[in-house]
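# Residue-level structural notes
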Amino acid sequence: MGKNMDSNRFKAATGFFLVLIVAFIISVVACVVTHTTPQALINNLTSAEILFAIRLSLITATASTVLCMIIAIPAGYALSRYDFPGKSIANTVVNIPLALPPLVAGVGLLLFFGQTALGKGLTSIGLDFVFTPLGIVIAQFFINVPFAIRIMRSTFDSINPRYEHVAKTLGCNETNAFWKVTLPMSKNGLLASSAISWAKGMGEFGAVLMLAGATRMKTETLPLAVYLNMSSGDLELAIAAATILIIVSFSALYVLEKYGGDANIY
Amino acid sequence: MLDIRNLYTDLGEFSLEGIDLHVNEDEYFVILGPTGAGKTILLETIAGIYPAEQGKIILRDKEITEIPPKDRPVNMVYQDYMLFPHLTVEENIRFGLEVEEFSEDVISKRVSKFVDLLDLENLLHRYSRTLSGGERQRVALARSLVMDPDLLLLDEPISALDVPSQERIMKELKEIHRETDVTILQVTHSREKAIRMGDRVGVMREGKIVQTGDSSEVFKKPDSEFIANFIGTDNIFEGNSKLDDGIAHVQLQNGGEIVSVSDKEGHVKACIRPEEIMISKTPIDSSGRNTMKGEIVNISERESTIQLDIDAGIEIAVKITKKSYSDMDLNKGDELYLSFKATAVHLI
């Protein structure tokens, strides 16, 4: 009996902390979305500045997601299937952007594209990343590609290589076996990986701020719209941009829960 | 047909340590070995999944050691089938033919041949996750067989199935072997399957083939202590079975008759475990039993038992405990009466 009461008390105590944090999160989100009236929100959402930010965010997040997947599919596959010298170093390096504060990553990107010979060379052929929308894409890509690689790697880990073996005995070469068997079988991982790259791209702030700057109506993505309008006291516009970011986050969370499966993100 | 010479492959966990193996044209060859002997990697190396580090693989006089898996006339069915989960049964079966860009005419002809043979008509539009183990196995077989391979490799095709499905697959494998000109190389850890399926048997241990021969020969005359312990020294006699009221009367090839509780008719192999045989120095009179009279020709000591080889028209091995051996005071040349129950005789 005493033991039972003890365990009930413990249950209540841990539960209390859970309730506390759930209430806190809900309150914070609710503060943003309930700050204005629906009418004011719609007006602000259709303002030229917010429409620009929505459009720019959609384009850059989509472009950086495509870029992430182009790299993450082969890189994740190599990490999952092959043993090679330097594999564990490669694995660690690939994860560096995960641990780096995005602001610091942004400084690095700015120096890389602004100061090095390679960066200057790219600028001279028209690929200018500093303070341009192109920089937004690269900044989002740099921050998000480790997540994409991790998800793709664990997706490929979960697919028995014997499927490819069978495909090879049935007439496929390596490339064919990958395209016809492994990639279609990775559908959920691809979806989860793209969803998280896209949603994080939509919300990326620190690295974008450093590399692409915060120029109104030029490099103004949704997070930068929140930042710029908060700085200038236009709370209503800031909230309109923030509301969209909340919707994006919830959608991404839903896709991850549904298709993420056992893909191991962290 | 298949000649393997001094084959080495090393995957760390498993390895092949100098495999020598010869499989004849149209043969059903079974490799028997315990878990970890390297059976699956042997098949995978023959299929070309893993490169050989040393040695040669020769198929129909053509060396295939270095050529990629897709160009070898070899197909493989894994123990866990490996049906492509994103494709339907029909798409799975067509997969290889489509990769090789056969004409639709050829594809549908070959597919329907094996769909009929393996009775897959009703499954064609289903996905593998909705199929039973036996159904998956049949689809995997069809997917390999439509490629018309010279050599079909089977990795434990039966052991993972429930008993009725096992019976069905064993019958179908025999039928496939009869109706196509494919040579089959199967690996298993089960003695019974090896005896039942194999024209010839090879025993594998730690990356080596340690003995090959006709199944009855390998089981009767194990080359080593390891083989004897692993396969158990079953008494196996070929004969002809006739059913009479639930009892099978087996006329042995070398004379004599034994009875068994079984429903198998025709050509059979009768297996009797040596420890199921009782011996006595005086005649045993008991109905429903098999009784024989014979002479001890050899006495050998095993781990915890004594094996007596007895000539009773057929040579039969009997295992007794060391205690009864000394109690009975047995010597070479002694006459003995043997008896074993009809239920102790296993017909395959």
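What you see is a predicted model; the values in this text were computed from it and never measured.

## Topic: the overall build of chain B
Of regular secondary structure, chain B possesses 9 helices and 20 strands. With respect to the principal axes defined by its C-alpha atoms, chain B has extents near 75 × 50 × 35 Å. Within chain B, the fraction of its 348 residues that count as buried is 36%.

## Points about helix α3 (residues 48-81) of chain A
Here α3(A) spans 49 Å end to end across 34 residues, near enough to the 50 Å set by a 1.5 Å rise per residue. Largest kink in α3(A): about 30 degrees, centred on Ala72(A), with the proline Pro74(A) one to four residues after it.

## A word on the nonpolar core
Among the nonpolar cores identified, the biggest contains 72 residues, and Met76(B), Val139(B), Ala142(B) and Leu153(B) are the most heavily contacted of them. Excluding residues that lie within four positions of it along the chain, Leu153(B) makes contacts with Leu43(B), Ile46(B), Ala47(B), Val74(B), Asn75(B), Met76(B) and Leu185(B).

## Observations concerning the interface of chain A and chain B
In this complex, chain A contributes 15 residues to the contact, which on the side of chain B involves 19 residues. Residue assignment for the side of chain A that touches chain B shows that the elements contributing at least two residues are α8 (162-169) and α9 (174-185) of chain A. Of all the elements, α8(A) adds the most residues to the side of chain A that touches chain B, at 6 residues. Classifying every residue of the side of chain A that touches chain B by side-chain character gives 7 nonpolar, 6 polar and 2 charged.

## Focus: the domain arrangement of chain A
Each assigned domain of chain A is listed with its residue range as follows: domain 1 (1-34) and domain 2 (38-259). For domain 1 of chain A versus domain 2 of chain A, the separation of C-alpha centres amounts to 34 Å.

## Concerning the sheet that holds strand β17 (residues 305-311) of chain B
All names here are of chain B. Overall, antiparallel pairing links the 5 strands, which are arranged β15-β19-β16-β17-β18 in an open sheet. Unpaired on one side and paired on the other, β15 (278-280) and β18 (315-321) mark the two borders of the sheet. In this sheet, adjacent strand axes meet at a mean angle of 45 degrees when their direction is disregarded.

## Some thoughts on the packing of helix α2 (residues 89-99) of chain B against helix α4 (residues 133-145) of chain B
All names here are of chain B. It is the contact of α2 with α4, at a shortest axis distance of 7 Å, that shows an interaxial angle of 30 degrees. Compared by their axis directions, α2 and α4 come out roughly parallel. In this structure, α2 crosses over α4, and the sense of that crossing is right-handed. For the pair α2 and α4, the contacting residues are Val89, Asn92, Ile93, Phe95 and Gly96 in the first and Val139, Ala142 and Arg143 in the second. Among the residues forming the contact of α2 with α4, the class breakdown is 5 nonpolar, 2 polar and 1 charged.

## Considerations on the domain arrangement of chain B
When its domains are assigned, chain B resolves into domain 1 (2-231) and domain 2 (235-347). For domain 1 of chain B versus domain 2 of chain B, the distance between C-alpha centres works out to 35 Å.

## A word on the pairing of strand β19 (residues 335-341) of chain B
All names here are of chain B. When β15 meets β19, the two strands line up antiparallel, connected through 3 bridges. Following the sheet pairing, Met278 is matched in β19 by Ser339. Here 7 bridges tie strand β16 (residues 289-301) to β19, and the two strands are oriented antiparallel to one another. For Gly294, the partnering residue across the bridge sits in β19 and is Leu336.

Rules and cut-offs
- Residues numbered from 1 in each chain as written.
- Chains lettered and ligands numbered in written order.
- Predicted model: local features only at pLDDT ≥ 70, side-chain atom pairs only at ≥ 80, totals over all residues.
- Helix = DSSP H or I, 4+ residues; strand = E, 2+ residues; numbered from the N terminus.
- Buried ≥ 20, exposed ≤ 12 C-beta atoms within 10 Å, placed from the backbone.
- Expected span 1.5 Å × (residues − 1).
- Bend = angle between axes of the 7 residues up to and from the residue.
- Core = buried A, V, L, I, M, F, W, Y, C linked by C-beta atoms within 7 Å.
- Contact = placed C-beta atoms within 7 Å.
- Nonpolar A, V, L, I, M, F, W, Y, C, P; charged D, E, K, R; others polar.
- Domains from an automatic or database assignment.
- Pairing = 2+ DSSP bridges.
- Axes fitted to C-alpha atoms, helices over the stretch in contact; angles between N-to-C directions.
- Parallel < 35°, antiparallel > 145°, perpendicular 65-115°, else oblique.
- Left-handed = near helix turned anticlockwise from the far one by under 90°.

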